[in-house]
Amino acid sequence: MFNYQIIIEYLGTNYVGWQTQKNGASVQSIIEKTLKKVLKSKIKIIGSGRTDAGVHAKGQSANFIFNQEIKNKYKFLSSMNFFLKDKSISIIKINKKNINFHARHKVKKKRYKYIILNRLITSPLYENRSWLIKKKLNIIQMKKGIKFFLGKHNFTAMRASSCAARSPVKTITKAEIKKKGNKIVIIFESKSFLQKQVRSMVGCLKYVGENKWAPEKIKFVIKQKKREFCAPPAPPDGLYLERVFY
């Protein structure tokens, strides 16, 4: 038996999310169907974690077990991407791994990126790929506010009601904001995140950027441990799973 890791890039706009679901097409189900065509065998893939409907990925990681060695990786990638070319999904890399490698259980940390387009006019280049906010945001205040997410906290206030995680306690190891022209990029890193946590944190930062909240309000919201105190979550369009670290 051979264990393979694949790195996947996708535009999540037309999918119900990463995980296979009954209510529509998922990224996982499309890749599994394509693997069956290419490898002539039913394959089950394990992702590093879920991404919600509409969320994108530049570096999603998954693994699968196959009973034969894939000797020609270039041919495998070419075949997979031929069938995926109209699906907004690309397999950008395949690595042979130890049989014990598990794409979800072996994760050390994940990096998520959120893109805000802060200008009056819509952009065809960033449509469904960013959050258009027309009101000018106060980036200085947002940089002060994002620091309150750093460290170990109970993030119940920023957790979706449908979240299945065992514990709401997560440790944010990196939280930063960069602005270049009209584009604001927000980065978060942690071993794992709650469902809608990143989008909820971005929603809070928007309130700070609009001067609706003082930066310190974020600390208050986290301590309340109640969803009702949180700002509405940002839309999925601007969220990307940037990289998974092992």
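Q: Whenever I open this one, helix 3 (residues 139-146) confuses me. Can you help?
A: For the α-helix, the turn length of 3.6 residues means that residues three or four positions removed from each other point alike. Every buried residue of helix 3 is listed here: Ile139, Gln141, Met142, Gly145 and Ile146. The buried side chains of helix 3 occupy one side of the element, clustering within an arc of 155° when seen end-on. On its buried face, helix 3 is in contact with strand 8 (169-180), strand 9 (183-190), helix 4 (197-209) and helix 5 (217-224). The backbone nitrogen of Ile140 lies 3.2 Å from a side-chain oxygen of the residue at the head of helix 3, namely Asn138.

Q: How should the side chain of Thr51 be read in this particular structure?
A: Mapped onto the elements, Thr51 comes out in the loop between strand 2 (46-47) and strand 3 (56-66). Residue Thr51 is classed as buried on the basis of its relative accessible area of 6%. For Thr51, the side chain forms a polar contact with the side chain of Tyr10, separated by 2.7 Å. Residue contacts for Thr51: discarding those within four places in its chain leaves Tyr10, Gly17, Trp18, Tyr112 and Leu241.

Q: Teacher, can you tell me more about the pairing of strand 9 here?
A: The side chains of a regular strand alternate between both faces of the sheet. Across the 8 residues of strand 9, 7 count as buried, placing the element largely inside the fold. Sheet topology places strand 5 (residues 109-117) next to strand 9; 8 bridges connect them, and they run antiparallel. In the sheet register, Ile116 faces strand 9, and the bridge partner there is Ile184. Both strand 8 and strand 9 contribute to a ladder of 8 bridges, which runs antiparallel. Within strand 9, the residue paired with Ile177 across the bridge is Ile186. Linking two consecutive strands that pair antiparallel, namely strand 8 and strand 9, is a turn of 2 residues; a positive phi of about 65° is found at Gly181 within it.

Q: I keep staring at the pattern of salt bridges and nothing clicks. Help me out?
A: Between side chains of opposite charge, a pair can form when the charged atoms approach closely. Tallied over the entire structure, the rule returns 8 salt bridges. Among the salt bridges present, the one from Asp52 reaches Arg199, with a minimum N-O distance of 3.9 Å. Of this pair, Asp52 sits in the loop between strand 2 and strand 3 while Arg199 sits in helix 4, and the two are 147 residues apart along the sequence. The class of Asp52 is partly exposed, set by a relative accessible area of 22%. In this structure, Glu189 engages Lys109 in a salt bridge whose closest nitrogen and oxygen atoms are separated by 2.9 Å. Taken as a pair, Glu189 in strand 9 and Lys109 in strand 5 lie far apart in primary sequence, 80 residues in all. Assessed through its relative accessible area of 27%, Lys109 is described here as partly exposed. Salt bridges here are not isolated pairs; linked through shared partners, they connect Lys109, Arg111 and Glu189.

Scoring rules and cut-offs
Residues numbered from 1 in each chain as written. Predicted model: local features only at pLDDT ≥ 70, side-chain atom pairs only at ≥ 80, totals over all residues. Heavy atoms only, no water. Buried < 20%, exposed > 50% of the residue type's maximum accessible area, 1.4 Å probe, protein only. Helix = DSSP H or I, 4+ residues; strand = E, 2+ residues; numbered from the N terminus. Arc of directions from axis to C-beta. Contact = heavy atoms within 4.5 Å. Polar contact = N/O pair within 3.5 Å; in protein donor to acceptor, adjacent residues only side chain to side chain. Pairing = 2+ DSSP bridges. Salt bridge = Lys/Arg side-chain N within 4 Å of Asp/Glu carboxyl O.

Worth remembering: the numbers are spatial, not functional.
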